[in-house]
Amino acid sequence: VLFLLLPIVLYISYHLSGALAKKKPTTHGLKSYPLLGHLPAFLKNRHRFLDWSTELILRSPEQRMGFWFPGMLTGMVTGNPADVEHVLRANFGNYPKGARSISMLHDFLGGGLFNSDGEQWQWQRKNASLEFSTRSLRGFVVDAVQTEVADRLLPLLRRAAAAGEVLDMQDVLERFAFDTICVVSFGHDPCCLADGGALTEGKSGFMHAFGEAQDLIVGRFLEPVAASWKIKRWLNIGTERRLKKAIADVHDFAMDIVRARRESSSSVKSRDDVLSRFAASDEHGDEVLRDIVLSFLIAGRETTSSALTWFFWLVSSRPDVAARIAGEVRTIRASTRTNPGEPFGFDMLRDMSYLHAALTESMRLYPPVPIDSQSCAADDTLPDGTHVGAGWSITYSAYAMGRLAAVWGEDCMEYRPERWLGEDGGFRPESPFRYTVFHAGPRTCLGKEMAYVQMKSIVASVLEEFAVDVVGQDTGAVPEHVLSVTLRMKGGLPVQIRRRVNSNDNV
Ligand code: HEM
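An unreviewed UniProt entry annotates the chain as Cytochrome P450 originating from Brachypodium distachyon.

Here it is in structure tokens:
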């Protein structure tokens, strides 16, 4: 019977695909097949999705690519600033994260800020925004970061410099970021970098489980057929089995901390971490608190470490930039009458405009969150008249946008911090719809200031004392990246640390 029905099914699908074709997205130079759409090209390129989509966007006059996998997924990836402004701000209400994405992350992040839409997102966003604007949280972040720099990072680098040891800088920065985000979110220090700078083997169990859960969950997004991960989860086999275990470990660990904090509720009000601030209101159950905290962890865990890994790689071949940063730090030391090795206060960090520009420029080319997707709730039209259908996924690519000559000029591939400086030498920001590294509109990143505090503290402290040389890589070759939520370097970043003789020295 199936054999006899096959021609009829094919006939109907062919005509259905013809009707859909009138409204399906197209991509300049990308072939679409009847019944299969762009699926063959996607399957061929999904292991290099970021580079593939970037190549297509750079070739497209509209600065976007469309894809259509019949019966599975339809959508667009755009690097066009007008599209981004439309989706993230002008018609924000029509572009939620969407049920597909939320369902994939739900067993890990529940309904936390990062993984919710509508009212559930709104109340968390309102409360979290209030917390993030307080002076006390800012002071707490500065202190947490400075302690990690002074007691752990600098001793580690001093020892590595003396021993001529090769360090994986990406690993060191990830441990740093995990420690500080846990202190700020939970008030708990997992000591992934131990006091005195020891790199404990195996890191913390919590960091390991969290990393594993995040990496495995990304695999769900790359399955063209959503049913396949659901079936694996139902059967409890393969990656879904490992994912279940990793999620259970993360939840147990986080729950223990939430309960312990509740039990010591008398001290809650006097503490500054995000968990204590949400717990103090007594409005939320333990699971809600756990999910809120996990959302902060996922947001702040690998973003700053990714940004800094690419930054140190870029600057290792740009001694002029390293020397200028060290010079700026020296000027600020002189004006504040502080000595090398002393902590940098918030105001000192704020005055480091060149360093701010150097980091911003590095993230333009290597954005920590290279692509980010929303879904379209109801049929819509982009500013240039292009149709977007209900249920389509719409993704903006900060990575492709950073490489568009139409946005950044003909020298867009050049690392040039000066492009961010005004005539007075101060930092000159760009529209968030052209520089989409921290997202834009109502859902813009809440941790941007905290991220700059952390990144500037690390870079200023490191380059004040050391030069960082990348070892074992072809000169000029761009390291490969891992396909994940954040732009991580494949195989890490091996470096050697050298003490600077003076601040102009990077050789
Ligand atoms: C260089 C570092 C960082 C970059 C590039 C960055 C980038 C982003 C991006 C692209 C988003 C939007 C993601 C989405 O679609 O949901 C986002 C959201 C968010 N970020 Fe960051 N982030 C950074 C650091 C941090 C840090 C350190 C925190 C601190 C906890 C943080 C907290 C958040 C939160 C809470 C959201 C969710 C906002 C919402 O959905 O309303 N971020 N960030």
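Caption draft 1: A look at the overall build of the chain. Scanning the chain from N- to C-terminus turns up 21 helices and eleven strands. The C-alpha atoms of the chain give 24 Å as radius of gyration, which agrees with the globular expectation for 507 residues (23 Å, within 12%). With the C-alpha coordinates of the chain rotated into their principal frame, the extents come out at 85 × 60 × 40 Å. Here the chain, with 507 residues, has 40% of them falling under the buried criterion. For the chain, restricting intrachain contacts to residue pairs at least 6 apart in sequence, the fraction spanning at least 24 positions comes to 73%.

Caption draft 2: A look at the UniProt feature "binding site: heme" (unreviewed entry) in the chain. Per the UniProt entry, the sites bearing "binding site: heme" (unreviewed entry) are Cys445 in this numbering. Mapped onto the elements, Cys445 comes out in the loop between helix H20 (405-408) and helix H21 (448-465). Residue Cys445 is classed as partly exposed on the basis of its C-beta count, with 17 C-beta atoms lying within 10 Å. Residues in contact with Cys445, not counting those within four places in the same chain, are Phe438 and His439.

Caption draft 3: Fine view of the nonpolar core. In terms of nonpolar packing, the biggest core is built from 121 residues, with Ala213, Val293, Phe312, Ile325 and Val459 touching the most fellow members. Counting residues per element, this core draws most heavily on helix H8 (residues 169-186), which supplies eleven residues.

Caption draft 4: The arrangement of the site of the ligand in detail. Surrounding the ligand, one finds 21 residues, the nearest of these being Ala299, Gly300, Thr303, Cys445 and Gly447. Residue assignment for the shell around the ligand shows that the elements contributing at least two residues are helix H14 (286-300), helix H15 (303-316) and H21.

Caption draft 5: The packing of helix H7 (residues 135-163) against H21, seen in detail. Packing of H7 against H21 brings their axes to within 10 Å, and their N-to-C directions diverge by 30 degrees. By the angle between their directions, the pair H7 and H21 is classed as roughly parallel. Classified by chirality, the crossing of H21 by H7 is right-handed. When H7 is examined against H21, the residues Val141, Val142, Val145, Gln146, Val149, Leu153, Leu154 and Leu157 are found in contact with a partner set consisting of Met450, Val453, Gln454, Ser457, Ile458, Ser461 and Val462.

Caption draft 6: Inspection of the sheet that holds strand E11 (residues 494-499) at higher detail. Ordered in space as E3-E11-E8, the three strands form an open sheet in which the pairing is antiparallel. Looking along the sheet, the strands with just one partner apiece sit at the ends: strand E3 (166-168) and strand E8 (466-470). Direction aside, the axes of adjacent strands within the sheet are offset by 40 degrees on average. In this sheet, E11 lies alongside E3 in antiparallel orientation, the contact comprising three bridges. Residue pairing for E11: Val166 is matched across the bridge by Gln496.

Caption draft 7: Fine view of unusual backbone geometry. Positive phi is not limited to glycine here, since Gln63 has a value of about 60 degrees. In this fold, Gln63 is placed in the loop between helix H3 (49-59) and strand E1 (64-69). Residue classification places Gln63 among the buried positions, given that 22 C-beta atoms sit within 10 Å.

Caption draft 8: Local environment of the environment of Pro429. Relative to the helices and strands, Pro429 resides in the loop between H20 and H21. Residue class for Pro429 comes out exposed when judged on the 10 C-beta atoms lying within 10 Å of it.

Caption draft 9: Up close: the sheet that holds strand E2 (residues 73-78). Read from one edge to the other, the open sheet built from four strands follows the order E1-E2-E7-E4, with strand pairing classed as mixed. Here the strands that pair on one side only, and so sit at the sheet edges, are E1 and strand E4 (371-375). Strand after strand, the sheet turns through a mean of 20 degrees between neighbouring axes, direction not considered. Across six bridges, E1 lies against E2 in antiparallel orientation.

Caption draft 10: Main features of the packing of H7 against H8. Remark: H7 packs on H8, axes separated minimally by 10 Å, with the N-to-C direction vectors making an angle of 150 degrees. You can see that H7 and H8 cross each other, and the crossing is right-handed. Mapping the contact onto sequence places Phe140, Val141, Ala144, Val145, Glu148, Leu153 and Leu156 in H7 and Val172, Phe176, Asp179, Thr180, Val183 and Val184 in H8. A class-by-class count of the residues in the contact of H7 with H8 yields ten nonpolar, one polar and two charged.

Caption draft 11: Layout of the environment of Ser185. If you trace the backbone, Ser185 turns up in helix H8. By the C-beta count within 10 Å, which is 22 here, Ser185 ends up buried. Placed 63 residues apart in sequence, Ser185 and Gln122 show a C-alpha to C-alpha distance of 19 Å. Setting aside anything within four residues of it in sequence, one finds Ser185 in contact with Asp273, Val274, Leu275, Val293, Phe296 and Leu297.

Caption draft 12: Broad picture of helix H4 (residues 81-90). For H4, the set of buried residues is Pro81, Asp83, Val84, His86, Val87 and Leu88. Against E1, E2, E4, strand E7 (393-397) and H20 lie the buried residues of H4.

Caption draft 13: Here's a closer look at the environment of Val87. You can see Val87 is positioned in helix H4. Setting aside anything within four residues of it in sequence, one finds Val87 in contact with Tyr95, Gln374, Ile394 and Tyr396.

Caption draft 14: Representation of H8 in the model. Under the 1.5 Å per step criterion, the end-to-end length of H8 is 25 Å for 18 residues, consistent within 8% with the ideal 26 Å. With its phi angle positive at about 75 degrees, Gly187 sits one or two positions after the end of H8.

Cut-offs and rules
- Here, residues in each chain are numbered from 1, in the same order as that chain's written sequence.
- Thresholds applied to this predicted model are a pLDDT of at least 70 for local features of residues and 80 or more for the giving and counting of side-chain atom pairs; totals over whole chains, interfaces and linings are not thresholded and use all residues.
- Per the convention used, a helix needs a DSSP run of H or I reaching at least four residues, while a strand needs a run of E reaching at least two, with both numbered from the N terminus.
- Atoms counted for the radius of gyration: C-alpha only. Globule rule: 2.2 Å times the number of residues to the power 0.38.
- Buried, partly exposed and exposed are defined by the number of other C-beta atoms within 10 Å of a residue's own C-beta, namely 20 or more, between the two limits, and 12 or fewer respectively, with C-beta atoms placed from the backbone.
- For every residue pair, C-beta atoms are placed from the backbone, and the pair is scored as a contact if these atoms sit within 7 Å.
- UniProt positions are given in the numbering used here, feature names are shortened, and annotations may be inferred rather than shown by experiment.
- Joining buried Ala, Val, Leu, Ile, Met, Phe, Trp, Tyr and Cys residues through C-beta atoms within 7 Å gives a set, and that set is a nonpolar core.
- We count a residue as near a molecule or strand when its backbone-placed C-beta atom lies within 6 Å of that partner.
- Fitting a line to C-alpha atoms yields each axis, with helices limited to the stretch in contact; the angle taken between N-to-C directions then spans 0 to 180 degrees.
- In this scheme, roughly parallel covers angles under 35 degrees and roughly antiparallel covers those over 145, while 65 to 115 is roughly perpendicular and the rest are oblique.
- Handedness of a helix crossing follows the sense of rotation of the near helix relative to the far helix, less than a right angle counterclockwise being left-handed and clockwise being right-handed.
- Paired strands are those between which DSSP finds at least two bridges.
- Under the scheme applied, nonpolar residues are Ala, Val, Leu, Ile, Met, Phe, Trp, Tyr, Cys and Pro; charged residues are Asp, Glu, Lys and Arg; polar residues are all the others, including Gly.
- For a helix, the expected span equals 1.5 Å multiplied by the residue count minus one.

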